[in-house]
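One-letter residues, chain by chain:
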2 protein chains.
Amino acid sequence: MRTEGKHIIMDASGCNPELLNDLDYLRSLLVEAAKKANATVLNVAFHHFTPQGVSGVVVISESHLSIHTWPEYGYAALDFYTCGDIDPKIACEYVAEHLNAKYVQTTEVFRGEEHEGKYLHKVRSVKTKVYGKELSLLP
Amino acid sequence: MRTEGKHIIMDASGCNPELLNDLDYLRSLLVEAAKKANATVLNVAFHHFTPQGVSGVVVISESHLSIHTWPEYGYAALDFYTCGDIDPKIACEYVAEHLNAKYVQTTEVFRGEEHEGKYLHKVRSVKTKVYGKELSLLP
């Protein structure tokens, strides 16, 4: 397996609070997002918090997807990390859309690039999507 | 639960290949690292690849820790994401030490900061540790 990977950090705001508190919905959503990106799902681990909120991870053969939600704030923190030819952007957009997110900020990190025997990462871009308008922000 | 969190992206090179291929060792290591940082472990999901390599995630009540390993390159890609008063650096250092890592690059991302109803993240620092010497790199 190649070491190079793409890792997208995504913070989604203005999401539907009911969806953010629904463990079954979120587990299905992340598994479906992985499949949309042609990733192979190996394992899932989800937890519902009292009184609200969900944390969950989908381990894929190309790395992982994770979600942590705060329904009371309409906020979800997500990570999409994929290796090989899998493109995590497809999974990101699918999840943002199905959480009814109004604001989406993403940062792309390239990981596992070899430099003289060291494997390093590099922050490549920070983007914010607000109601479909896209603008670049400095890291 | 507060939305603010610290997320450390860590790429570790020059690690002991045997340790990177030992699922039981890595699972215990990440669980122990979570405990060292005073996090509460909720769920674990690990997978061993053929012929080699391990992917695993520890869901904690304060977010998650993850690891993906390439024993053939002595490389491990890790994430330590914690909310509340938990400091992920303690877990990072514990894991790097117990993988016998020679080179460690970390990037710290502050997540879930509220700005006018939006929850955003910010890349704060990129650091590389080489044999104990610490130097700053531009993102």
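What you see is a predicted model; the values in this text were computed from it and never measured.

A. View of the overall build of chain A. The helix and strand tally for chain A stands at 3 helices and 8 strands. Principal-axis analysis of the C-alpha atoms gives chain A an extent of 50 × 35 × 25 Å. Looking at chain A residue by residue over its 139 residues, the buried ones come to 56%. Considering only residue pairs separated by 6 or more positions, chain A has 54% of its internal contacts joining residues 24 or more positions apart. Within the structure as shown, chain A displays about 6,000 Å² of accessible surface, and the carbon and sulfur contribution to it stands at 48%. If the 14 positive side-chain charges of chain A are averaged to one point and the 18 negative ones to another, these points end up 4 Å apart.

B. Focus on the packing of aromatic side chains. Under the criterion given, the structure shown has 6 aromatic pairs over all chains. Where Trp 70 of chain A meets Tyr 75 of chain A, the ring centres are 4.9 Å apart and the plane angle is 25°; that geometry is what we call stacked. With a relative accessible area of 4%, Trp 70 of chain A lands in the buried category. Taken together, a centroid distance of 4.9 Å and an interplanar angle of 25° make the contact between Tyr 119 of chain A and Tyr 75 of chain B stacked.

C. Seen up close, the interface of chain B and chain A. The partner chain A presents 45 residues to the 45 residues of chain B that form the contact. Buried area between chain B and chain A, summed over both chains or domains, comes out near 3,900 Å², and the portion from carbon and sulfur atoms is 64%. Summed over the shared surface of chain B and chain A, the number is 4 salt bridges. When the shortest N-O distance is used, the salt bridge between Arg 111 of chain A and Asp 79 of chain B registers 2.7 Å. Joining chain B to chain A, the criterion identifies 22 residue pairs in polar contact (both at pLDDT 80 or more). The set of elements that each furnish at least two residues to the side of chain B that touches chain A consists of strand 1 (5-13), strand 2 (41-48), strand 3 (54-60), strand 4 (63-70), strand 5 (75-83), strand 6 (103-115) and strand 7 (118-130) of chain B. The biggest single contributor to the side of chain B that touches chain A is strand 6 of chain B, with 7 residues.

D. The arrangement of the UniProt feature "active site" (unreviewed entry) in chain A in detail. The UniProt entry lists Ser 63, His 68 and Cys 83 of chain A under the feature "active site" (unreviewed entry), expressed in the numbering used here. Within the structure, the side chain of His 68 of chain A is placed 2.7 Å from the side chain of Ser 55 of chain A, a separation counted as a polar contact. Turning to its location among the elements, Cys 83 of chain A is positioned in strand 5 (residues 75-83). Ignoring any residue separated from it by four or fewer positions in sequence, one finds Cys 83 of chain A in contact with Met 1, Arg 2, Thr 3, Glu 4, Gly 5, Glu 62 and Ser 63 of chain A together with Trp 70 of chain B.

E. The arrangement of the relation of the copies chain B and chain A in detail. Between the two copies, chain B and chain A, the superposition gives an RMSD of 0.0 Å; the rotation angle is 180° and the shift along the axis is 0.0 Å. Taken together, the rotation and translation describe the operation of a two-fold axis. Among all residues of chain B, the one whose C-alpha sits closest to the rotation axis is Ala 45 of chain B, at a distance of 3.1 Å. When the interface residues of chain B are mapped onto chain A, 100% of them again fall at the interface, so both copies present the same face.

F. Focus on the side chain of His 7 of chain B. Its location among the elements puts His 7 of chain B in strand 1. Separated by 2.7 Å, the side chains of His 7 of chain B and Asp 79 of chain B make a polar contact. A polar contact is formed between the side chain of His 7 of chain B and the side chain of Arg 111 of chain B, at a distance of 3.0 Å. With near-sequence residues (within four places) excluded, His 7 of chain B lies in contact with His 7 and Asp 79 of chain A together with Asp 79, Phe 80, Tyr 81, Thr 107, Glu 108, Val 109 and Arg 111 of chain B.

Rules of the game
- Residues numbered from 1 in each chain as written.
- Chains lettered and ligands numbered in written order.
- Predicted model: local features only at pLDDT ≥ 70, side-chain atom pairs only at ≥ 80, totals over all residues.
- Heavy atoms only, no water.
- Helix = DSSP H or I, 4+ residues; strand = E, 2+ residues; numbered from the N terminus.
- Buried < 20%, exposed > 50% of the residue type's maximum accessible area, 1.4 Å probe, protein only.
- Contact = heavy atoms within 4.5 Å.
- Areas by Shrake-Rupley, 256 points an atom, 1.4 Å probe, with all protein chains shown as cover.
- Lys, Arg positive; Asp, Glu negative; His and termini not counted.
- Charge placed at Lys NZ, Arg CZ, Asp CG, Glu CD.
- Phe/Tyr/Trp six-rings, centres within 6.5 Å; stacked < 30°, edge-to-face > 60°.
- Buried area = accessible area lost by both parts, 1.4 Å probe.
- Salt bridge = Lys/Arg side-chain N within 4 Å of Asp/Glu carboxyl O.
- Polar contact = N/O pair within 3.5 Å; in protein donor to acceptor, adjacent residues only side chain to side chain.
- UniProt positions renumbered as here; feature names shortened; annotations may be inferred.
- Least-squares fit on C-alpha atoms with pLDDT ≥ 70 in both.

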